Amino acid sequence: MIASDVKATLSFSDGSPSMELPLYKGTIGPDVIDIRKLYAQTGKFTYDPGFLSTASCNSTITYIDGDKGELRYRGYPIDQLATQCDFLETCYLLLKGELPNPQQKKDFDRLVSTHTMVNEQMQFFLRGFRRDAHPMAVMTGLVGALSAFYHDSTDITNPVHRDISAIRLIAKMPTLVAMAYKYGIGQPYIYPQNKLSYSANFMRMMFGTPCEDYEPNDVLVRAMDRIFILHADHEQNASTSTVRLCGSSGTNPFAAIAAGVACLWGPAHGGANEAALNMLEEIQRNGGVEKIGEFIKNVKDKNSNVKLMGFGHRVYKNYDPRAKLMRETCHEVLQATGLHDDPLFKLAMALEKIALEDDYFVSRKLYPNVDFYSGIVQRAIGIPVSLFTAVFALARTVGWIAQLNEMIGDPEYKIGRPRQLFVGAPHRDVLPITQR
Ligand code: CMC
């Protein structure tokens, strides 16, 4: 953070003394006005529900230029990472700030692969769930439960503990997601196979059975890996801010990540991939491409409460760069699986085209986001719709940990504690129950 020569002056129309506020410059992106002393000096808070204009922290990890539609991890554009690196290289970058050299990559891959197994007790814990439980309900429980299984890495103030829990979380998430899936369909769990790549191992645990060898398809493995890279981090989104706020109390890292999983589940956030695919399937059932006009009319009707899922973003006011890469991956995967005539993909492209020409979407700068196409890719890979958000959680785990560790390591870090504008009854006396 560099202090700017420019200062902001806050003045009041009632003649109260004005206040000078410092401005800071980042390396890129909007400047921020430092309001930390505002309350002490004026007795007033700022009001910004939904954080529309509030930077909650400073960070070196991920940068988004929403107007241009750009996303960078540690300065590297997402399209370069998605086409030239694998997911574990991306994890290394997010956690450590630099891309690994060949030896560092080998050591990191090896380290992660030696932590893929979960405590055998975990499967008995899983058994407490109904078989038809939503995978995100199961994942919230399983990730939270890790703190009960790995007692030696739960001290958030200890950098060694933070490193071990980071590796454990990245390594065990695929195992846990695959276990949640297998439990739901009543198949035996498949243990991790550490000679496989991160993504191939995940697919084998998902789709293998003890009866037959599983041969991962290279195109699908690459697509899976790309989904992980594209979802790995996204600066201070709702779930990441949840992880930071939760972790700011000093709670253990597994509990903080479980809070992130819970937040991600919502349809306005990570749950949008599931909601987008359900939406496409419903339009398809009701007549497909022919019915797009009617559907869009419904979306535009404020009273309908229907949204075009997978469209719009708080930060992107341009095409989400992840959606572009996901659409390319969609083509590749559908070719590889012989689904190139997939009606849902055709429907999605037709819907996108019509929406991008419609004044409602154009004037509000609503473009496809990552979730518009990721569901179609995941479905073609064989992942059931209800598991989509769990796959997102798997990928985002590294971002959550990198952000959490950055916060804990920041000398300026304090417990997060927003203030409020109270608009309820100022004071009331309790009447005896017979007089109420
Ligand atoms: N369909 C129809 N109208 C929309 C949509 C949409 N998908 N998104 C925004 N709008 C309208 C909204 O009604 C509002 O219109 P008006 O100005 O007339 O009231 C305007 O566009 C601005 O929207 P907003 O709700 O103020 O924007 P926001 O920044 O609060 O919400 C969002 C962002 C992502 C929650 C929202 O665009 C949305 O609900 N999209 C659908 C869900 C979705 O795809 N979420 C995934 C986000 S990307 C992955 C992730 O980060 O998890």
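Scroll up a little and you will see the structure.
Residues numbered from 1 in each chain as written. Predicted model: local features only at pLDDT ≥ 70, side-chain atom pairs only at ≥ 80, totals over all residues. Heavy atoms only, no water.

Caption draft 1: Just the packing of aromatic side chains, in detail. Inspection of the entire model under this criterion finds 14 aromatic pairs. Both rings, one in Phe 125 and one in Phe 129, keep their centres 6.1 Å apart while their planes meet at 85 degrees; by these two values the pair is edge-to-face. Classification of Phe 125 as partly exposed rests on a relative accessible area of 35%. Here the aromatic cluster, defined as three or more aromatic residues joined through ring pairs, consists of Phe 311, Phe 345, Tyr 360, Phe 361, Phe 372 and Tyr 373. Lys 44 extends its terminal NZ or CZ atom over the ring of Phe 12, reaching a point 5.0 Å from the ring centre. Seen from the ring of Tyr 39, Arg 419 lies directly overhead, with NZ or CZ sitting 5.5 Å from the centre. (Phe/Tyr/Trp six-rings, centres within 6.5 Å; stacked < 30°, edge-to-face > 60°. Buried < 20%, exposed > 50% of the residue type's maximum accessible area, 1.4 Å probe, protein only. Lys NZ or Arg CZ within 6 Å of the ring centre and 35° of its normal.)

Caption draft 2: How the structure looks around empty space enclosed by the protein. Tallied over the entire structure, the rule returns one cavity of 30 Å³ or more. Estimates place the volume of the largest cavity at around 100 Å³. Contributing to the lining of the largest cavity are Met 117, Val 118, Asn 119, Glu 120, Gln 123, Thr 175, Met 179, Tyr 189, Ile 190, Tyr 191 and Pro 192. (1 Å grid on protein atoms, 1.4 Å probe; cavity = no way out; pocket = protein on both sides within 12 Å on 5 of 7 lines; lining within 4 Å. Points joined across faces, edges and corners; volume = space filled by probe spheres on them.)

Caption draft 3: Structural view of the side chain of His 234. Mapped onto the secondary structure, His 234 falls in the loop between α9 (218–231) and α10 (238–247). His 234 sits in the buried class, given a relative accessible area of 4%. Polar side-chain contacts of His 234 include one of 2.8 Å to the side chain of Tyr 316. Those residues in contact with His 234 that sit more than four places away from it in its chain are Thr 62, Ile 64, Leu 71, His 313, Tyr 316, Arg 322 and Arg 396. (Helix = DSSP H or I, 4+ residues; strand = E, 2+ residues; numbered from the N terminus. Polar contact = N/O pair within 3.5 Å; in protein donor to acceptor, adjacent residues only side chain to side chain. Contact = heavy atoms within 4.5 Å.)

Caption draft 4: Seen up close, the sheet that holds strand β5 (residues 70–73). The three strands lie next to each other as β4-β5-β6, forming an open sheet whose pairing is antiparallel. Each of the sheet's edge strands pairs with one partner strand only, and the pair in question is β4 (62–65) and β6 (76–77). By the bridge criterion, two bridges tie β5 to β6 in an arrangement that is antiparallel. Within the sheet, the bridge partner assigned to Arg 72 lies in β6 and is Pro 77. (Pairing = 2+ DSSP bridges.)

Caption draft 5: Region of interest: the sheet that holds strand β3 (residues 32–33). The three strands lie next to each other as β1-β2-β3, forming an open sheet whose pairing is antiparallel. A strand with exactly one partner marks an edge of an open sheet, and here the two such strands are β1 (2–10) and β3. Pairing analysis gives six bridges linking β1 to strand β2 (residues 19–25), with the strands arranged antiparallel. Pairing of Ala 8 across the sheet is with Leu 21, part of β2.

Caption draft 6: Layout of the environment of Ala 380. Tracing the chain through its elements places Ala 380 in helix α17 (residues 371–381). You can call Ala 380 buried: its relative accessible area is 13%. In the structure, Ala 380 is positioned 43 residues away from Thr 337 in sequence and 7.1 Å away in space, judged by C-alpha atoms. Leave out the neighbours within four places in its chain, and Ala 380 touches Val 333, Leu 334, Thr 337 and Leu 339.

Caption draft 7: Representation of the site of the ligand within the structure. In the neighbourhood of the ligand, 21 residues make up the surrounding shell, with His 269, Leu 308, Gly 310, Arg 314 and Arg 364 lying closest. A distance of 2.9 Å is found between a nitrogen atom of the ligand and a backbone nitrogen or oxygen belonging to Phe 311. Contact distances for the ligand include 2.9 Å between an oxygen atom and a side-chain N or O atom of Arg 364. Relative to its unbound accessible area of 940 Å², the ligand is 74% covered by the protein chains. Partitioned by chemical class, the residues of the shell around the ligand number 10 nonpolar, six polar and five charged. (Near = heavy atom within 4 Å. Areas by Shrake-Rupley, 256 points an atom, 1.4 Å probe, with all protein chains shown as cover. Nonpolar A, V, L, I, M, F, W, Y, C, P; charged D, E, K, R; others polar.)

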